[in-house]
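A structural walkthrough
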Amino acid sequence: MAWQGLIQQYRAHIPLAAAAPVITLNEGNTPLIRADRLAEQIAPGTGLQLYLKYEGLNPTGSFKDRGMTVAISQAAYEGAKTVICASTGNTAASAAAYAARAGLRCIVLVPEGKIALGKLAACLAYGAEVISIEGSFDDGLRLVRGISQSYPIALVNSVNPWRLEGQKTGAFEICDQLGGRAPDWHCLPVGNAGNISAYWLGYKEYSRGWPRLLGGQAEGAAPIVRGRVIEKPETIATAIRIGNPARWQQAVAALDESDGLITDVSDEQILSSWKQLASLEGVFVEPASATGVAALQKEIALGHLDPTGKTIVCVLTGHGLKDPDTAIKMATLPRSIPATMEALIGVVSE
Ligand SMILES: *Cc1c(COP(=O)(O)O)cnc(C)c1O
C-alpha cells in the first residue's frame, strides 16, 4: 500500500486514541542513503558502512514533521483552536503547516534576526502568526510554556510528549531500512535534545538492537558537553543555537544507557562536513544537520570511536534550502561569460 504517513504506518506504536483525527502530510519514509565516498574520506580502508538518514526530505524540509503530525493530531482531538511554539525555525514551519491543515490558529515565537530565510518564508506562507522576540530560543520557550499554562493554547514544542511519540519512528525506519537491525552507532545534532531522546525511545521500543548514540553540539552552544547552561549561545548552525535544552536530563540518560558520547564541534568543522555532504554525496543540508557527521569525524580522529567494519547512521535533520544565505556565503559565485560558443569552449577546455 502507498505510504500514508507515519501514524498510519506505525499506529500500533503510537498511543493516539482510535477516534483521534490523523493530520498528515505523508511525512516519514525518508531515504537511508549509503555514503561510500564520504566514508572513504572519514575513515579510509576501515570498511565503515556509512548511511545518511535524509530527514530534509520531509514535507516541510525537516524531521520536525515526524513529531508535529502526532502533536497536531492530538491537539485537534483535544479540541484545541490555537497552537503555539518557540522555535529556531523548523518547528515553527512544521507547526504552521500542520496547523493549516487542521484549521488551527498557529502562533510562533522566533529569536530576532536568527532564523534562516527558508524557514521564515515557509512560516509566513503557511499563514502562521510569526512573532519575533528580542531574545533567544530559550527565552521564547520560557514564554510559550508560561502562556500555555494559563490560556487554552496547545504547546507543540518538544516538551510536548506527543512530539517524541512521532519522532521515535525515525528509529523504526532506520532498523527496517537496515534489514531489521539497529546500526552500531547513531550520530545526530543535539539542540533542545528532543530528537536524541526520541530516537533512544524508538530503538528501545522496536527492539532490533541498540546503537551507541553520538550527539554533536556546536562549540558556542554546547551546554550538555560543558555541563552548564550557556547564556548567549552562538553558532552558524541556528537550528541548534540553544543554551538550555528542555530534554537535557533525558538526553544524558539516553547517552548513558546507550554507552554513547557527546562532543562539540566548531562552526568550521560543521561547515566542512556540510560541504563534504554536498560535494561528495550530493546531499544538500542546512548547516546544523551536518553536526552529527562533524562529531563522527572528530571522535574517529581522537580515537574515541573505532569505525572498523561498523554500520553508522548519521541523521541529516533539515534541507539545505532552509538556509540559502549560508550556502551562498560559502560558495564561489558563478562566473559570467559572453553567450558565444567560443567563450564556452574556452571554459570547458581549461
Ligand atoms: C530541531 C533541529 C535540530 C535539533 O533537534 P533537537 O531535538 O532540538 O535536539 C537539529 N537540526 C535541525 C535542522 C533541526 O531543525
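Residues numbered from 1 in each chain as written. Predicted model: local features only at pLDDT ≥ 70, side-chain atom pairs only at ≥ 80, totals over all residues. Heavy atoms only, no water.

**Overview of the sheet that holds strand E8 (residues 212-218)**
This is how the line gets drawn: DSSP-based pairing: two strands are paired if at least 2 bridges between them are found. Strands here are runs of E lasting at least two residues and helices are runs of H or I lasting at least four, both read from the DSSP assignment and numbered beginning at the N terminus. Axes here mean lines fitted to C-alpha atoms, for a helix over just the part in contact, with angles spanning 0 to 180 degrees between N-to-C directions. For this analysis, residues touch if any pair of their heavy atoms sits within 4.5 Å.
Spatially, six strands are ordered E1-E2-E10-E7-E8-E9 in an open sheet, and the strand pairing comes out mixed. Edge strands, defined here as strands with exactly one partner in the open sheet, are strand E1 (32-34) and strand E9 (261-265). Between one strand axis and the next, the sheet turns through 25 degrees on average, direction left out of account. Here six bridges tie strand E2 (residues 49-54) to strand E10 (residues 311-316), and the two strands are oriented parallel to one another. In the strand pairing of E10, Tyr 54 is matched with Leu 316. Docked against the sheet, helix H12 (residues 267-281) engages E1, E2, E8, E9 and E10, running at close to 95 degrees with respect to E9.

**Here's the deal with the site of the ligand**
The test is simple: One heavy atom within 4 Å of a molecule or strand is enough for the residue carrying it to be called near that molecule or strand. In protein, a polar contact requires one atom able to donate a hydrogen and another able to accept it; more generally it is a pair of N or O atoms within 3.5 Å, and residues adjacent in sequence count only if both atoms are side-chain atoms. The nonpolar class holds Ala, Val, Leu, Ile, Met, Phe, Trp, Tyr, Cys and Pro. Asp, Glu, Lys and Arg form the charged class, and all remaining residues, Gly among them, are polar.
Within the structure, the ligand sits among 17 residues, and Lys 64, Asn 90, Asn 192, Asn 195 and Thr 317 are positioned closest to it. Contact between the ligand and Gly 191: an oxygen atom at 2.8 Å from a main-chain N or O atom of the residue. Across the shell around the ligand, the residue classes break down as seven nonpolar, eight polar and two charged.

**Some remarks on the pairing of E10**
This is how it is decided: The cut-offs for exposure are 20% and 50% of the maximum accessible area for each residue type, with area from a 1.4 Å probe on protein chains only; residues under the lower value are buried, those over the upper are exposed, and the others partly exposed.
With six of six residues buried, E10 lies mostly within the body of the structure. Here E10 shows a buried face lined by Thr 311, Val 313 and Val 315 and a second buried face lined by Ile 312, Cys 314 and Leu 316.

**Quick look at the nonpolar core**
The cut-off we apply is this: Definition of nonpolar core: a set of buried residues of the types Ala, Val, Leu, Ile, Met, Phe, Trp, Tyr and Cys, connected through side-chain atoms within 4.5 Å. Domain delimitation in this document rests on an assignment produced automatically or drawn from a domain database.
Membership of the largest hydrophobic core comes to 58 residues, with the highest contact counts inside it found for Ile 72, Val 83, Cys 106, Val 156, Ile 196 and Tyr 203. Tallying contributions element by element places helix H4 (residues 90-102) first for this core, with seven residues. Of the domains in this structure, domain 1 (6-61 + 163-329) and domain 2 (64-160) are the two that each give at least three residues to this core. Apart from residues no more than four positions distant in its own chain, Cys 106 is found in contact with Val 83, Ala 95, Ala 96, Ala 99, Ala 128 and Glu 129. Counting residues in each nonpolar core, the second largest holds 36 residues, with Ala 35, Trp 185, Ile 270 and Val 285 among its members.

**Thoughts on the packing of aromatic side chains**
As a reminder, the rule being used: Pairing of aromatic rings covers Phe, Tyr and the six-membered ring of Trp, with a centre-to-centre limit of 6.5 Å; geometry is then stacked below 30 degrees between planes, edge-to-face above 60, and tilted otherwise.
Summed over the entire model, instances satisfying the criterion amount to five aromatic pairs. Connected via pairs of aromatic rings, a cluster forms that spans Tyr 10, Phe 172 and Tyr 206.

**Concerning the domain arrangement of the protein chain**
Worth spelling out the cut-off: The term buried area refers to how much accessible surface (probe radius 1.4 Å) is lost by two components on association, counted for both of them together. Salt bridges are defined as contacts in which a side-chain nitrogen from Lys or Arg sits within 4 Å of a carboxyl oxygen from Asp or Glu.
Segmenting the protein chain into domains produces domain 1 (6-61 + 163-329) and domain 2 (64-160). Contacts between the two partners involve 48 residues from domain 1, matched on the other side by 37 residues from domain 2. For the domain 1 and domain 2 pair, buried surface summed over both sides reaches about 3300 Å², with 54% attributable to carbon and sulfur atoms. If you sort the residues of domain 1 by the area they bury against domain 2, Ile 23, Arg 163 and Lys 322 come out on top, with a joint share of 26%. Where domain 1 touches domain 2, the interface holds four salt bridges. One salt bridge in this structure joins Glu 234 and Lys 114, with 3.9 Å as the shortest N-O distance.

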